[in-house]
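# Structural characterization, general
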Amino acid sequence: MSQSEESIESSSTNTASVVELEDVQKTYHVGDHTVNALIDVSLSIKKGSFWAIMGPSGSGKSTLLNVLGCLDRPTSGRYLLVGQDVSTLDDNGLSELRLRRLGFIFQSFNLIPQLTVQENIELPLFYLGENARLSAKKAIELADLVGLSDRVQHRPMELSGGQQQRVAIARSLANDPAILLADEPTGNLDSTTSTQIMQLLADLNNQGKTIVMVTHEEDIASYTSNKLYMIDGGIERIERN
Amino acid sequence: MRKSTRYITREIELGVKNLTLHGMRSLLTMLGMVFGVGSVIAMLAVGEGASKEALAQIRMLGSNNIIIHSVKPVKETGRSTVRTFMSVYGLLYDDESRIKETFESVKQTLPAKIIRKEGRVGENSLELRVVGTTSSWFDLVNRPMVAGRRLLKKDIFEHRNVVVITEFAARKLLPKNYTIGQRIRIGGSYFDVVGIIQQAHSEGTLQTPDQKNDAYIPITAMREHYGDVFTQRSAGSRIRELVELHQIIVQVKEIEKVEATAKGIETMLAYFHKNKDYRLQVPLALLRQAEATKRTFNIVLGSIAAISLLVGGIGIMNIMLASVTERTREIGIRRAIGAKRNQIIGQFLIETVVLSMAGGLIGIGLGFFIPWLITRIAGMPTEVTTISLILSLGISMAIGIIFGIYPARRAAQLDPIQALRHE
């Protein structure tokens, strides 16, 4: 474990690309059928960029996000996350990488209902083995950052959708990730709240966070600097602003 | 090291929290463990109390002793059949000396003649069990003296008319002047009270060599005053019996040789007493038997307890499996954040162990309460042993681990992507 930490540490310093995908394929076997979810995807995501992955349902955007999020391993091809080759890692290694390098934001917020806002934000720090006092301090700072410092002792159910998504964003930042992965972060929110959340993400990007977001709404995608259009498991085109 | 300790304490905190969130469900889940552990401790306490009392009674007999009683044979043979209206049976003076001389392992033998006579002091009277014996009686049936002295060798040699009575008899016969030096009429003869001794404590099911209305006199004086022929009146007829000795207590030097010596004595007596007019009582054998009974009892109780704990464990596993399904999404979230499989296993395992240990602790409380109630209501002696406490805590922990591992592994094997999609 300490060895893998070290190698992550050493490789992160001098790469401009946070993500490097080379000919990534993902194939599922459903009964006798073989589904090609990703076909020859090559992509380089620079540090500090903001990406939107777009495309119709079934085009492979979720699969791409899962691969990027180290929840799924590519069937073939190479995936370098901050210089670390993901395809060689086992389940523990992938978990370790998620813990140290990645932050997730979901459409349905995915907070743990039994825990308070503060405890939800602290969760990554808990798995990092951070001590309780420092974790609490950091969680309160992050709650403040997303504008919820007066709600830290509330439970998710007592918050509005927008507030819950803010908590989720705070949680995704707790481990200071190399990349934030957002899966339709505004999908469950009204337009006003969506704007606020997108503004928050844009702010984070301005502060240097690398963000990759899946969405199917053009106006949401307009906050980003790079748009990746997918179709049938492959990249259709990339638009850069 | 400190990091992992911190991790575990936080996991335990989290586990307790999760369980308190579903308070009612956790409580119901624990019930199996509560009653399982409670009944184990209670049953063992009752068993321990009962056997302890039995063992204490047996020890009163003296575990180094072999007690031989004269028994009136069912079919009378030999001398007694000649219409003398006198039955002749029982142990002989010769038996005592034969035992003493034959077995090297015998430390001493103690003859006793036992008859029932009325004791009388002025107006007060009491049916006494008069025991004619030697000074050794007081070594073998060791009871504390209340006042005065024991019978001495000199008393035996000189056929003195002296008597040692029990505290009980002294209270009945000498209520006003509760002192030694009094003269008691026993049957037709007078004896001086030289000592008062404590009688056997419990009136148990087991017959102790001494009884509460005993009067001990020198065996020599007994023969002189009353002879070897005793007359018993029963249902209008008089039965005359010739019995030399009613009882011989044999003290064996080493406890290891008690059973072998008893066997030897039995064989020897069988040779001289064809009509089997004697009975051997070996307290050590009784002790062994009682201990064996206790072991069997414990095995039976243990099996019942094991079944109830098994049921309790299955109950916990059932609920934990439901909990895993219910919290699939939570597991997905934790995995996405970076929790390893082992950490998920740890989380659920800790929860199960906390649940079963909490059940076990409440069960221990119940295990103290039930025996207390039994003692109070039924008056039965009970004793909660430390071993049963340690055992039940250990078992409840083991149950938590054994029945927790499957649900925990199920949780850990969930695919994070699937788990996150779970509604």
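Residues numbered from 1 in each chain as written. Chains lettered and ligands numbered in written order. Predicted model: local features only at pLDDT ≥ 70, side-chain atom pairs only at ≥ 80, totals over all residues.

## Quick notes on the overall build of chain A
In terms of helices and strands, chain A carries 8 helices and 10 strands. Here chain A has a C-alpha radius of gyration of 18 Å; the compact-globule value for 241 residues is 18 Å, and the two agree. Expressed as lengths along the three principal axes of its C-alpha atoms, the size of chain A is roughly 50 × 45 × 40 Å. Considering chain A as a whole, with its 241 residues, one finds that 49% of them fall into the buried category. (Helix = DSSP H or I, 4+ residues; strand = E, 2+ residues; numbered from the N terminus. Rg over C-alpha atoms; globule rule 2.2 N^0.38 Å. Buried ≥ 20, exposed ≤ 12 C-beta atoms within 10 Å, placed from the backbone.)

## Structural notes on the overall build of chain B
Within chain B, the secondary structure is distributed over 13 helices and 13 strands. Here chain B has a C-alpha radius of gyration of 34 Å; the compact-globule value for 423 residues is 22 Å, and the former is much larger. Along the three orthogonal principal directions, the C-alpha set of chain B runs to about 105 × 50 × 50 Å. For chain B, with 423 residues in total, the buried portion stands at 39%. Partitioning the contacts of chain B with sequence separation of at least 6, the portion at a separation of at least 24 is 81%. (Contact = placed C-beta atoms within 7 Å.)

## Focus on the domain arrangement of chain B
How big an interface is tends to be expressed through the accessible area that disappears when the partners come together. If you check the domain split of chain B, you get domain 1 (2-57 + 289-421) and domain 2 (72-276). Distance between the C-alpha centres of domain 1 of chain B and domain 2 of chain B: 58 Å. (Domains from an automatic or database assignment.)

## A few points about the interface of chain B and chain A
At the interface, 19 residues of chain B touch 19 residues of chain A. Sorting the residues of the side of chain B that touches chain A by element identifies α1 (2-21), α10 (328-337), α11 (341-378) and α13 (416-421) of chain B as the ones contributing at least two each. Considering each element in turn, the side of chain B that touches chain A owes the most residues, 6 residues, to α1(B). Classifying every residue of the side of chain B that touches chain A gives 9 nonpolar, 3 polar and 7 charged. (Nonpolar A, V, L, I, M, F, W, Y, C, P; charged D, E, K, R; others polar.)

## Notes on the sheet that holds strand β9 (residues 226-231) of chain A
All names here are of chain A. Overall, mixed pairing links the 6 strands, which are arranged β6-β7-β8-β3-β9-β10 in an open sheet. Because the sheet does not close on itself, it has two edges, and the strands there are β6 (102-105) and β10 (234-240). Shown here is a sheet whose adjacent strand axes are inclined to one another by a mean of 20 degrees, direction ignored. Pairing between strand β3 (residues 50-54) and β9: 4 bridges, direction parallel. Paired with A52 across the bridge in β9 is K227. (Pairing = 2+ DSSP bridges. Axes fitted to C-alpha atoms, helices over the stretch in contact; angles between N-to-C directions.)

## Considerations on the confidence of the model for chain B
All names here are of chain B. Per-chain confidence: chain B averages 84 in pLDDT, with 92% of residues scoring 70 or above. For chain B, strand β10 (residues 229-234) is the element with the lowest average pLDDT, namely 70, and α10 is the one with the highest, namely 94. In the predicted complex, the global pTM is 0.70; the interface-specific ipTM is 0.91. (pLDDT = per-residue confidence, 0-100.)

## Digging into the sheet that holds strand β1 (residues 17-30) of chain A
Residues and elements named next belong to chain A. Strand order in the open sheet made by the 4 strands is β2-β1-β4-β5, with antiparallel pairing throughout. On the outer flanks of this sheet lie β2 (33-46) and β5 (84-85), each paired with one strand and no other. Summarising the sheet, β1 and β2 pair through 10 bridges and their orientation is antiparallel. The residue bridging V24 from the neighbouring strand is V41, located in β2. The strands touched by helix α2 (residues 61-68) within the sheet are β1, β2 and β4 (76-81), with β2 carrying the most contacts at an inclination of about 60 degrees.

## Thoughts on the packing of helix α2 (residues 23-61) of chain B against helix α12 (residues 386-413) of chain B
Residues and elements named next belong to chain B. It is the contact of α2 with α12, at a shortest axis distance of 10 Å, that shows an interaxial angle of 155 degrees. The pairing of α2 with α12 is recorded here as roughly antiparallel in orientation. In this structure, α2 crosses over α12, and the sense of that crossing is right-handed. Residues M33, V37, V40, I41 and L44 of α2 lie in contact with α12, whose contacting residues are S388, L389, S392, S396 and I399. Along the lines of polarity and charge, the residues of the contact of α2 with α12 split into 7 nonpolar, 3 polar and no charged. (Parallel < 35°, antiparallel > 145°, perpendicular 65-115°, else oblique. Left-handed = near helix turned anticlockwise from the far one by under 90°.)

## Quick word on α11(B)
For α11(B), spanning 38 residues, the distance from its first C-alpha to its last is 54 Å, which sits close to the expected 56 Å at 1.5 Å a residue. Just downstream of α11(B), B:G379 is the residue with a positive phi angle, here 70 degrees. (Expected span 1.5 Å × (residues − 1).)

## Regarding helix α3 (residues 91-101) of chain A
Here α3(A) lies mainly inside the structure; 8 of its 11 residues are buried. Among the residues of α3(A), those classed as buried are A:L94, A:S95, A:E96, A:L97, A:R98, A:L99, A:R100 and A:R101.

## Regarding the confidence of the model for chain A
All names here are of chain A. Considering every residue of chain A, the mean pLDDT works out to 89; 94% of them sit at 70 or more. Here helix α1 (residues 2-12) stands out as the element of chain A with the lowest mean pLDDT, 45, in contrast to strand β8 (residues 211-214), whose mean of 96 is the highest. Across residues 1-15, where pLDDT falls below 50, the model places 15 contacts with residues more than four positions away in sequence or in other chains.

## Details of the nonpolar core
Formed by 113 residues in total, the largest nonpolar core has its most connected members in A:W51, A:I53, A:A143, A:L181, A:I211 and A:V212. The greatest single-element share of this core, amounting to 11 residues, is contributed by α2(B). The residues contacting A:I211, other than those within four sequence positions of it, are A:F50, A:W51, A:L180, A:A182, A:L201, A:L204 and A:N205. (Core = buried A, V, L, I, M, F, W, Y, C linked by C-beta atoms within 7 Å.)

## Some thoughts on the pairing of strand β7 (residues 179-183) of chain A
All names here are of chain A. For β7, the tally of buried residues reaches 5 of 5 residues, placing the bulk of the element in the interior. Burial of β7 is two-sided: the residues I179, L181 and D183 facing one way and the residues L180 and A182 facing the other way are all buried. In the sheet, β6 pairs with β7 via 4 bridges, with the strands oriented parallel. Directly across from F104, in β7, lies its bridge partner L181. Bridge count between β7 and β8: 4 bridges; the pairing is parallel. Across the sheet, the residue bridging to L181 is V212, located in β8. Taken together, β7, helix α7 (residues 191-206) and β8 constitute a β-α-β crossover, and its handedness is right-handed. (Right-handed = clockwise from strand over helix to strand, strands pointing away.)

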